[in-house]
Amino acid sequence: MPAIAAKRYTDLGAVKGEGCYLYTDDGRKVLDFASGVAVTNLGHNHPSVVKAAHEQLDKLIHGGHLVVFYESYVALAEKLNQLTGGDTMVYFSNSGAEVNDGAIKLAKYVSKKTAVIAFRNSFHGRTIYSAALTASNAKYRKYYDCVSGIYFAEYAYCYRCPFGKKQGSCKMECLKQFDTIFHTVVDPDCVAAIIVEPVQGEGGYVVPPKEFLEGLRKICDEKGIFLIFDEVQTGIGRTGQLYAYQTFGIQPDILTTSKGIANGFPLAGIIAKKEIMSQWPHGAHSGTYGGNPVACAASLAVLKEMTEGGVIEHCRKMGDYFMGKLKALQAKRPEVIGDVRGVGLMLAIELIDDKGEPNTALTDKIIAYALKHDLILLPCGTYHNCVRFISPLVVTEKEIDIALDIVDKAFD
Ligand SMILES: Cc1ncc(COP(=O)(O)O)c(C=O)c1O
């Protein structure tokens, strides 16, 4: 047994990555539609990212943002500020879980309130606090419970509406539930933040109706609660805009970003309205490694490719193409593909059995077949009964065709 504790979805030994492909130590060339879990949005080892990182390596590897300013860090904060409307401030960390913890600390510090509302089927990370916010599967929390003051609401998962309603004819019970929550379990005066993934990731690539996010915005405005969007997975072009809040046209007070932000270098950010972040004094939050110079330089290259290199437009185009092909696949196999959903290149199919129940066994088989045929796919959904397609945003029609041909054969 190798001396490694972390477990992984495959036994592949990756030695090289290029574009949408990984090359393995046993000579395989594998189409990577996991993108290191939604990280390599520009494809593996994108030349602009490699160049920017090399140049920064020669200049400065670590300065410590507790100690000094450095060029790539300041430039990245300014770029993110510009790309998120100009009235924001940024705090850098290293991972999604870390920025979600930080965002909650910021909301609590500024509001001087302690309670937080999160959603069923959410995933926010694996630190003690972000795992406590997570409700996509009890295994992420098992034996770790020690955090109080987190309350869970149902998400707008319309395919399996938790209120038993149908989209279109419902009364948005997913918003009405807040009346009950505020009346029975937590007074809104005590709630610092509502934290939500604008599209649930690990929970099943669940795209809520726009009115759900609009409703959350309204509730937060009325009750004086900060709205936090966890954009760790939805950010950096994945949904067809730089951030999903731009896709939906709903502005959070605080957003968290990571994964694709530096195309593989560990980097994350909390982006908040200036009036909020400016109230967070020195010492209230920090960390040794946040905003590493090389990661920031890589991230600047990522943002340039996203915004000036046409990658986001390409994502929208490929997203439409991919969605069309998935819908055709569903039309061919309606008895097992219950739902096709997603936005941009954050796409999934939900697999069902003959009673319409989650079909985890079939999902496992499809993913295993794909891997055998040199295609990496990941599951999602609380019962792991969805196949998610997280290709790099630079994917081509040809690569989508290759992947879906394998998936089609897997169903056969
Ligand atoms: C929406 C969301 N938030 C937070 C995280 C945690 O990020 P990290 O693994 O970098 O801590 C993830 C990771 O999958 C995620 O998808």
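First, a word on what this report is: a plain description of the structure on this page.

### Description of the sheet that holds strand S8 (residues 226-230)
Stage number 1. Pairing is mixed in the open sheet, where seven strands are placed in the order S4-S10-S9-S8-S7-S5-S6. The open sheet terminates on both sides in strands that have one partner only, identified here as strand S4 (88-93) and strand S6 (150-153). Taken over all neighbouring pairs, the strand axes of this sheet differ in orientation by 20 degrees on average, direction set aside.
Stage number 2. With three bridges connecting them, S8 and strand S9 (residues 254-257) associate as parallel partners. Directly across from Asp 230, in S9, lies its bridge partner Thr 256.
Stage number 3. The sheet strands contacting helix H3 (residues 71-83) are S4 and strand S10 (268-273), and the helix crosses S4 at an angle near 135 degrees.
Stage number 4. Sheet strands in contact with helix H7 (residues 210-223) are strand S5 (115-119), strand S7 (191-196), S8 and S10, and its direction is about 145 degrees off that of S8.

### Thoughts on the site of the ligand
Stage number 1. Near the ligand, the surroundings consist of Ser 95, Gly 96, Ala 97, Asn 100, Phe 123, His 124, Gly 125, Glu 197, Asp 230, Val 232, Gln 233 and Lys 259.
Stage number 2. Between the ligand and Phe 123 there is a distance of 3.4 Å, counted from a nitrogen atom to a backbone nitrogen or oxygen.
Stage number 3. The separation between an oxygen atom of the ligand and a polar side-chain atom of Gln 233 is 2.8 Å.
Stage number 4. Classifying every residue of the shell around the ligand by side-chain character gives three nonpolar, six polar and three charged.

### Re the layout of surface pockets
Stage number 1. If you add up the space inside the largest pocket, you get close to 1,300 Å³.
Stage number 2. As for the largest pocket, its lining consists of 42 residues, of which Tyr 9, Gly 36, Val 37, Arg 126 and Lys 259 are closest to the centre.
Stage number 3. Elements with a minimum of two residues in the lining of the largest pocket: helix H1 (35-38) and helix H4 (96-111).
Stage number 4. Residue classes in the lining of the largest pocket are distributed as 18 nonpolar, 14 polar and ten charged.
Stage number 5. In terms of domain composition, the lining of the largest pocket takes at least three residues from each of domain 1 (14-45 + 310-411) and domain 2 (49-308).

### Considerations on the sheet that holds strand S11 (residues 337-343)
Stage number 1. An order of S11-S12-S15-S14 is seen for the four strands of this open sheet, with the pairing classed as antiparallel. In this open sheet, the two strands that pair with only one neighbour each are S11 and strand S14 (378-380). On average, adjacent strands in this sheet sit at an angle of 30 degrees to one another, irrespective of strand direction.
Stage number 2. Bridge count between strand S12 (residues 346-351) and strand S15 (residues 386-389): four bridges; the pairing is antiparallel. Bridging from a neighbouring strand, Glu 350 pairs with Cys 386 of S15.

### Examining empty space enclosed by the protein
Take a probe with the size of a water molecule and roll it over the atoms, and the empty space left behind shows itself.
Stage number 1. On inspection of all chains with the given rule, the structure shows two cavities of 30 Å³ or more.
Stage number 2. Considered as a void within the structure, the largest cavity measures approximately 110 Å³ in volume.
Stage number 3. What lines the largest cavity is a set of 15 residues, and nearest its centre among them are Ala 156, Cys 158, Cys 161, Cys 170 and Cys 174.
Stage number 4. Looking at the lining of the largest cavity, its residues break down into eleven nonpolar, one polar and three charged.
Stage number 5. Put simply, the parts of the chain that give the lining of the second largest cavity at least two residues each are S9 and S10.
Stage number 6. Looking at the lining of the second largest cavity element by element, the count peaks at three residues for S10.

### A look at the nonpolar core
Stage number 1. One finds Phe 178, Phe 212, Phe 389 and Phe 411 to be the most contacted residues of the largest nonpolar core, which totals 107 residues.
Stage number 2. Broken down by element, the residue count for this core peaks at eight residues, all from helix H11 (residues 311-332).
Stage number 3. When residues are assigned to domains, this core turns out to be shared by domain 1 (14-45 + 310-411) and domain 2 (49-308), each giving three or more.
Stage number 4. Not counting the four nearest positions on each side in its chain, Phe 411 is found in contact with Leu 329, Arg 333, Val 336, Ile 337, Ile 349, Leu 351, Leu 362 and Ile 366.
Stage number 5. Membership of the second largest hydrophobic core comes to 26 residues, among which are Val 99, Ala 103, Ile 254 and Met 277.

Thresholds, definitions, all that
Residues numbered from 1 in each chain as written. Predicted model: local features only at pLDDT ≥ 70, side-chain atom pairs only at ≥ 80, totals over all residues. Heavy atoms only, no water. Pairing = 2+ DSSP bridges. Helix = DSSP H or I, 4+ residues; strand = E, 2+ residues; numbered from the N terminus. Axes fitted to C-alpha atoms, helices over the stretch in contact; angles between N-to-C directions. Contact = heavy atoms within 4.5 Å. Near = heavy atom within 4 Å. Polar contact = N/O pair within 3.5 Å; in protein donor to acceptor, adjacent residues only side chain to side chain. Nonpolar A, V, L, I, M, F, W, Y, C, P; charged D, E, K, R; others polar. 1 Å grid on protein atoms, 1.4 Å probe; cavity = no way out; pocket = protein on both sides within 12 Å on 5 of 7 lines; lining within 4 Å. Points joined across faces, edges and corners; volume = space filled by probe spheres on them. Domains from an automatic or database assignment. Core = buried A, V, L, I, M, F, W, Y, C linked by side-chain atoms within 4.5 Å. Buried < 20%, exposed > 50% of the residue type's maximum accessible area, 1.4 Å probe, protein only.

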